[in-house]
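A structural walkthrough
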Amino acid sequence: AARRLRRRPEPSEAMLPRPPFPGELRRAAASGRSRARGGGTVLLPSMLMFGVILASSGLLLMIEKGILAEVKPLRPAAGEPARRDLGGEETRGDLDSEVLRDIRNRTIGAVCGQRAMPRSVWDLPAGQRRTVLRHLLVSDKYRFLYCYVPKVACSNWKRILKVLDGALESVDVKLKMDHKSDLVFLGDMEPEEISYRLENYYKFIFVRNPMERLLSAYRNKFGEIKEYQQKYGVEIARRYRRNGGNSAGDDVTFSEFLRYLLDEDVERMNEHWMPIYNLCQPCAVRYDFIGSYERLSDDANYVLERVRSPSSVRFPERQAWYKPVTAETLHYYLCSTQRRLIKELLPKYILDFSLFAYPLPNITSEFCRQ
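Residues numbered from 1 in each chain as written. Predicted model: local features only at pLDDT ≥ 70, side-chain atom pairs only at ≥ 80, totals over all residues. Heavy atoms only, no water.

So, on to the overall build of the protein. When you go through the protein residue by residue, the secondary structure sums to 16 helices and six strands. Expressed as a percentage of its 370 residues, the buried residues of the protein come to 49%. Considering only residue pairs separated by 6 or more positions, the protein has 72% of its internal contacts joining residues 24 or more positions apart. Carbon and sulfur atoms form 49% of the exposed surface of the protein, whose accessible area is close to 18900 Å². (Helix = DSSP H or I, 4+ residues; strand = E, 2+ residues; numbered from the N terminus. Buried < 20%, exposed > 50% of the residue type's maximum accessible area, 1.4 Å probe, protein only. Contact = heavy atoms within 4.5 Å. Areas by Shrake-Rupley, 256 points an atom, 1.4 Å probe, with all protein chains shown as cover.)

Pasting the structure below:
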């Protein structure tokens, strides 16, 4: 399936998955069963799932084309609070966000409903189970689980958890974030305690455009953090650059970073660029809410209201010094990178694109000339 993706002619518009040709799903299923029997690590949970996602590409196309105006979005379940804006008036959010959430829910339901997919964390291989339990943060006081995803505002969410637990006075306290202390991780609990919380607590995650998240990780870790430059940057320069042994790791290019990701086993990736699917396992953990980085403030405030946090606790404002990845920045980096690298990398992140309804990156010549 990955080879077919690379060979496909470039479309004139944004690159979008195509529906599978007749017989492809059968071949994908057979391939997935064969590889599963072999016991080796597979790139995706199963080739059958990859076929299912391609088959659901019409949803992504409808998002891209904006033809879902007539679709009635799902409403919150009975008992769920309506959102409130700053003026206190009730609102259900704009139509686009509700439709997008509906599409995400339906796509996840279709994919996770496949027979081979995990139904709980106990169905996962030990390594995958360790990863997701290590990323689920617990608030027993407010009875919720939050799967943190690096580069999707997780530091601010950790601040909120510390404030709710009384370990931090305010989200605005100026101090370096300690990502371990004063936080409760689901993976540190006993199996029966884990099962109880997964079954009874409110569960949520926040997602982000996969390529934007990768670019954010690249700019932050290789442009600002010496530890990452020394641990990863030096190795990347040595591996992918002629005479790169003299690099201090602070000059890694975006293309070299993508080449490194291509050669990495998804299950062993650093959490800052591991796919969200692998970090949070949305099939094994049935999340009640999926927020997005694009609607961070609104979605975060909705969650805080949903878990009945004190009204004094609010999601922190973006720091003045923070330089976000803009559409123009992403456009520049993608169009300055070999298309082959991006196309070959997409299968590793295809679940994040598809399940969370993000269009694949537009890297056509016409778009890049703009």
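What follows deals with the packing of aromatic side chains. The final tally for this structure, using the stated rule, is 26 aromatic pairs. Their ring planes at 40° and their centres at 5.5 Å tell us that Tyr-146 and Trp-157 sit as a pair that is tilted. Pair noted here: Tyr-146 is in strand S4 (residues 144-147) and Trp-157 is in helix H7 (residues 154-164), with a separation of 11 residues, a long-range link. Trp-157 gets classed as buried once you look at its relative accessible area, which sits at 1%. Look at Tyr-228 and Tyr-232: their rings are 5.6 Å apart centre to centre, the planes differ by 25°, and that puts the pair in the stacked class. You can see Tyr-228 and its partner Tyr-232 sitting in helix H10 (residues 226-240), four residues apart, about one turn around the helix. Overall, Tyr-232 belongs to the buried group, its relative accessible area being 13%. One aromatic cluster is present, formed by Tyr-218, Phe-222, Tyr-228, Tyr-232, Phe-254, Phe-257, Tyr-260, Trp-273, Tyr-332 and Tyr-333 through successive ring pairs. If you follow Arg-208 out to its NZ or CZ, it ends over the ring of Tyr-293, 3.9 Å from the centre. In this arrangement the basic side chain of Lys-221 is found over the ring face of Tyr-228, its NZ or CZ atom lying 4.8 Å from the centre. (Phe/Tyr/Trp six-rings, centres within 6.5 Å; stacked < 30°, edge-to-face > 60°. Lys NZ or Arg CZ within 6 Å of the ring centre and 35° of its normal.)

All right, on to the nonpolar core then. Nonpolar side chains tend to gather and get buried jointly when the protein is soluble and globular. Judged by nonpolar contacts, the single largest core of 94 residues is most densely connected at Leu-136, Trp-157, Phe-257, Leu-261 and Trp-273. What Trp-273 contacts, discounting residues up to four positions off in sequence, is Arg-213, Leu-214, Ala-217, Lys-221, Phe-222, Tyr-228, Tyr-232, Phe-257, Tyr-260, Leu-261 and Tyr-349. (Core = buried A, V, L, I, M, F, W, Y, C linked by side-chain atoms within 4.5 Å.)

It is worth spelling out the state of the cysteines at this point. Inspection of the entire model under this criterion finds three disulfides. Residue Cys-147 pairs covalently with Cys-280 via a disulfide, S to S 2.0 Å. Residues Cys-147 and Cys-280 share a disulfide whose torsion about the S-S bond is about -95°; that sign makes it left-handed. Of this pair, Cys-147 sits in strand S4 while Cys-280 sits in helix H12 (residues 276-280), and the two are 133 residues apart along the sequence. (Disulfide = S-S within 2.5 Å.)

The buried fraction of strand S5 (residues 202-207) amounts to six of the six residues, a majority that puts the element mostly inside the structure. Side chains of S5 alternate between two faces, with Tyr-202, Phe-204 and Phe-206 and Lys-203, Ile-205 and Val-207 buried alike. Pairing analysis gives four bridges linking S4 to S5, with the strands arranged parallel. Following the sheet pairing, Phe-144 is matched in S5 by Tyr-202. Inspection of the sheet shows S5 paired to strand S6 (residues 289-292) by four bridges, in the parallel sense. (Pairing = 2+ DSSP bridges.)

The next point concerns the sheet that holds strand S3 (residues 136-139). Strand order in this open sheet of four strands is S3-S4-S5-S6, and the pairing throughout is mixed. A single partner strand is all that each edge strand has here, and the edge strands are S3 and S6. Within this sheet the neighbouring strands show an average axis-to-axis angle of 25°, counted without direction. As defined by bridge partners, S3 adjoins S4 across four bridges and the pair is classed as antiparallel. By the bridge assignment for S4, Leu-137 is matched with Tyr-146. The strands touched by helix H13 (residues 296-306) within the sheet are S5 and S6, with S5 carrying the most contacts at an inclination of about 170°. (Axes fitted to C-alpha atoms, helices over the stretch in contact; angles between N-to-C directions.)

Geometric values such as these leave the question of function open.
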